[in-house]
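Listed below, chain by chain, are the residues.
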Amino acid sequence: MKFDYDVLVIGGGHAGCEAACASANMGAKTCLVTMDMNKIAQMSCNPAIGGIAKGQIVREIDALGGQMGLVTDATAIQFRMLNVGKGPAMWSPRAQCDRGKFIWEWRKHLDETEHLDIWQDQADELLVENGEAVGIRTIWGAELYAKCVVVTAGTFLNGLMHIGRKMVPGGRIAEPAVLHFTESITRHGVISARMKTGTPVRIDKRSVDFDEMEIQPGESRPYQFSYMNKAGALKQLPCWTVNTNAEVHEILRSGLADSPLYNGQIQSIGPRYCPSIETKLMTFPDREKHPLFLEPEGEDTNEMYLNGFSSSLPMDVQIAALKKMPAFRNLKVYRPGYAIEYDFFDPTQLSHSLESKIISNLFLAGQVNGTTGYEEAGGQGTIAGINAALKAGAAGSGEEKAFNPFILHRDEAYIGVLIDDLVTKGVDEPYRMFTSRAEYRILLRQDDADARLTEKGYELGIVKRERYDWWMEKKKHIEEIETFCQNFAIKPRIINSALEALGTTPLQFGCKLIDLVNRPQLNLQNLSEIIPQLKEVMDRPINRKEEIAEAAEVRMKYKGYIERERMVAEKMHRLENIKIKGHFNYEEIQSLSTEARQKLSRIQPETLAQASRIPGVSPSDINVMLVLMGR
């Protein structure tokens, strides 16, 4: 075998799988290096994809030709649309998946991807020559070379697991840690630090008293993540909710002296938005109960996941506390919860392409950049894979060719928000995406990811013709519905009785149908039941009629808000177009604040807009730079 590639991807998690597929689908000769081919895209924690803002990222990955949405649809055992009581900017899809089938579905996608090899081994050293990453050496002595290397090592770099006072090296339960790879990167000047995350106990379904719990069913409407209409047919299963109580809390508190989080054993910072049960007790000492969610791990397994009970307390404390809940009085567990510490690299040392500023041709994606979550990892992996393939193509063109990176802006995708936050602001805790992090939420809805990104992906070559054709068909039908509503005249005498029955004010004068669509009590669905011509237009699409109608309706109802936010985004683009990297020696500009000089010198922002988002850089500092540039 010749271990000579365009792109090497290190790590077969969610970031690595998306990076490998993105690179290979763009035509780059790619190799995915993973320790265990039977645990590809393992859901190390919750067996679910999506959630608030995370679901939007999955839709964006799908719109760019990625795989996460397709794999999720094929293995989903429950689907829910979160935040439907709020505006469409907040709607977020979430699916519970069959953990085992998810792995094998991903493996199938990898096996069917052209230009992609898989090598089962463990990376031991990054090979660097003249400041450029050129390959890796594995623990078995194999040397693999490539024009670009993408590192997506998850929690494996010097991973250390904790249950009570017991510590075991490992990247995941029953899997080894990677002990030397970090040092082979940091010796070149890349900064690393430590983070912590955790996972809950796994429970035997046969020992649970479900009569003591509240059922949480999924949606009756057949939602899907992928725009490609390839939903799976697995049995749909409910989740369950239950609350802790005072007895549970008392036992948990009795074990805090042996908690790695509170006895000094763990020094690193965990995810604030996914706290352990012991952290909840310390943060909210007056709370008498905390909600927990019992979720199935698959359609044909007894293993269940207890969401909300992440813990690193001694195993006997965890089990004794849970048995004080009536639903778990006869509890049996497969394994307790545990915490894990691992290395990550300072993301402010990356460019927006996710290439290292220190080591050329080295790209980083996923938890090694200080994020948490499968979706955040998958989004980064997609961008890193695209850019690694682009740079490898530029390097292999036979003549020196400029690398023109693919970068998503903050008004184009949640993935763009995520990456900009990482490289501009850095992290002091595991980064998790929320809708509140995006200033252009109305432009970044879950229903229009394909409108924002599919044509971009097609131009890159990562989106295949079938996906592009489906988007063009969908786009045509959305526009047909909008045009019909803008032009169709409504006569009061024909429709008023129906409007009153629907709880809205009757018309005094004629109007266009779009005026009725914009009423809060009305929507395309109930209007189509009283206007046959509208129903005929809506029934024209063969596939995904509800999705197409929903997209058209959102665009009409929120047109004013969408246009206003677009204007604000375009104003910010003016600052995005002002390139400043290399123009200033910030340490010599005394009119900047001391903090601004330090932050700007360290991060070296590409544009004035990026500089404006750096914490500690004030509007007056931005004005100073504008004046110095003659603006």
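Up top is the structure these notes are about.
A short tour of the structure in this document, coming up. (Residues numbered from 1 in each chain as written. Predicted model: local features only at pLDDT ≥ 70, side-chain atom pairs only at ≥ 80, totals over all residues. Heavy atoms only, no water.)

This part takes up the overall build of the protein. Of the regular secondary structure elements, the protein holds 21 helices and 21 strands. Against the globule reference of 25 Å for 631 residues, the protein gives a C-alpha radius of gyration of 26 Å, in line with a compact fold. When the backbone C-alpha atoms are referred to their principal axes, the protein occupies close to 80 × 70 × 55 Å. By the burial criterion, 57% of the 631 residues in the protein qualify as buried. In the protein, the share of contacts with a sequence separation of at least 24, taken over all contacts with a separation of at least 6, comes to 73%. For the protein, the exposed surface amounts to about 26500 Å²; the carbon and sulfur share of it is 50%. (Helix = DSSP H or I, 4+ residues; strand = E, 2+ residues; numbered from the N terminus. Rg over C-alpha atoms; globule rule 2.2 N^0.38 Å. Buried < 20%, exposed > 50% of the residue type's maximum accessible area, 1.4 Å probe, protein only. Contact = heavy atoms within 4.5 Å. Areas by Shrake-Rupley, 256 points an atom, 1.4 Å probe, with all protein chains shown as cover.)

This brings us to the nonpolar core. Of all hydrophobic cores here, the largest spans 127 residues; its most connected members are L8, I136, L513, L516 and L524. Per-element accounting of this core gives the leading share, eight residues, to helix α9 (residues 374–395). Discounting chain neighbours no more than four positions away, the residues touching I136 are L8, I10, V33, A123, E125, L126, L127, A142, E143, L144, V149 and F181. V208, W240, F309 and A321 belong to the second largest nonpolar core, which has 24 residues in total. (Core = buried A, V, L, I, M, F, W, Y, C linked by side-chain atoms within 4.5 Å.)

It is worth spelling out the pattern of salt bridges at this point. Applying the stated criterion across every chain yields a total of 46 salt bridges. Residue R465 pairs with D469 through a salt bridge whose shortest N-O separation is 2.9 Å. With R465 and D469 both in helix α12 (residues 465–487) and four residues apart, this pair spans about one turn of that helix. Each member of the salt-bridge network shares a partner with another, and the members are R410, D420, D421, K425, E439, E576 and R613. (Salt bridge = Lys/Arg side-chain N within 4 Å of Asp/Glu carboxyl O.)

Here we come to the packing of helix α6 (residues 246–254) against helix α8 (residues 315–322). At a minimum axis distance of 8 Å, the contact between α6 and α8 shows a crossing angle of 170°. In terms of orientation, α6 lies roughly antiparallel with respect to α8. Counting all contacts with α6, which are made through V248, I251 and L252, the residues of α8 involved are V317, A320 and A321. Partitioned by chemical class, the residues of the contact of α6 with α8 number six nonpolar, no polar and no charged. (Axes fitted to C-alpha atoms, helices over the stretch in contact; angles between N-to-C directions. Parallel < 35°, antiparallel > 145°, perpendicular 65-115°, else oblique. Nonpolar A, V, L, I, M, F, W, Y, C, P; charged D, E, K, R; others polar.)

The next subject is the pairing of strand β2 (residues 30–34). Of all five residues that make up β2, five are buried, and the element is covered over most of its length. Here β2 shows no split at all, with T30, L32 and T34 on one side and C31 and V33 on the other all buried. Of the pairings in the sheet, the one linking strand β1 (residues 4–10) to β2 comprises four bridges and is parallel in character. Directly across from V9, in β2, lies its bridge partner L32. As defined by bridge partners, β2 adjoins strand β6 (residues 116–120) across five bridges and the pair is classed as parallel. (Pairing = 2+ DSSP bridges.)

Every α-helix carries 3.6 residues per turn, so stepping three or four residues along brings you back to the same face. Across its 13 residues, helix α17 (residues 545–557) extends 18 Å between first and last C-alpha, which sits within 8% of the 18 Å expected from 1.5 Å per residue. Residues of α17 that are buried include every one of E547, I548, A549, E550, A551, A552, E553, V554 and M556, and no others. Buried residues along α17 sit against α12, α14 (513–517), α15 (524–528), α16 (532–538) and α18 (559–576). (Expected span 1.5 Å × (residues − 1).)

Another aspect to go through is the sheet that holds strand β5 (residues 92–97). Taking strand neighbours across the sheet as the criterion, the three strands line up as β3-β5-β4 in an open arrangement whose pairing is antiparallel. Lying at the two open borders of the sheet, with one neighbouring strand each, are β3 (48–50) and β4 (76–82). In this sheet, adjacent strand axes meet at a mean angle of 15° when their direction is disregarded.

On to unusual backbone geometry. The residue A53 is not glycine, and still its phi comes out positive at about 70°. Among the structural elements, A53 can be located in the loop between β3 and α2 (54–63). Here Q604, not a glycine, exhibits a phi torsion of approximately 50°, which is positive. Relative to the assigned elements, Q604 resides in the loop between α19 (594–603) and α20 (608–612).

As a further point, take the packing of aromatic side chains. For the coordinates displayed, the defined rule picks out nine aromatic pairs. The interplanar angle of 20° and the centroid separation of 5.7 Å between the aromatic rings of F79 and Y223 together place this pair among those described as stacked. Taken together, the residues F79 in strand β4 and Y223 in the loop between β13 (214–216) and β14 (239–243) connect sequence positions 144 residues apart. Taking relative accessible area as the criterion, F79 reaches 6% and is therefore assigned buried. Look at Y223 and you get buried, because its relative accessible area is 17%. Ring centres of Y558 and Y561 lie 6.3 Å apart, and the angle between their planes is 45°; this geometry places the pair in the tilted category. A relative accessible area of 28% means that Y558 is categorised as partly exposed. An aromatic cluster is defined as three or more aromatic residues linked by ring pairs; in this entry it consists of F79, Y223 and F225. (Phe/Tyr/Trp six-rings, centres within 6.5 Å; stacked < 30°, edge-to-face > 60°.)

Here we take up the environment of G131. By the element assignment, G131 lies in the loop between β7 (123–129) and β8 (132–138). On the basis of relative accessible area, G131 is assigned to the partly exposed category, the value being 37%. Separated by 225 residues in the primary sequence, G131 and S356 place their C-alpha atoms 11 Å from one another. If sequence neighbours within four positions are ignored, G131 has contacts with I358, I359 and S360.

Here we take up helix α3 (residues 68–75). Across the eight residues that make up α3, a large majority, seven, are buried. Within the sequence span of α3, burial applies to M68, G69, L70, V71, T72, D73 and T75.

With four bridges joining them, β14 and strand β15 (residues 291–296) adopt antiparallel strand pairing. Bridge assignment links T241 to a residue of β15, and that residue is F293. Sheet topology places β15 next to strand β16 (residues 303–310); four bridges connect them, and they run antiparallel. Considered in β16, the bridge of L294 is made with L306.

Below, the discussion takes up the environment of I386. Assignment of secondary structure puts I386 in helix α9. Here I386 falls in the buried class, since its relative accessible area comes to 0%. Considered as a pair, I386 and M304 are 82 residues apart in the sequence and their alpha carbons are 36 Å apart. What I386 contacts, discounting residues up to four positions off in sequence, is A22, M26, F406, L460 and I462.

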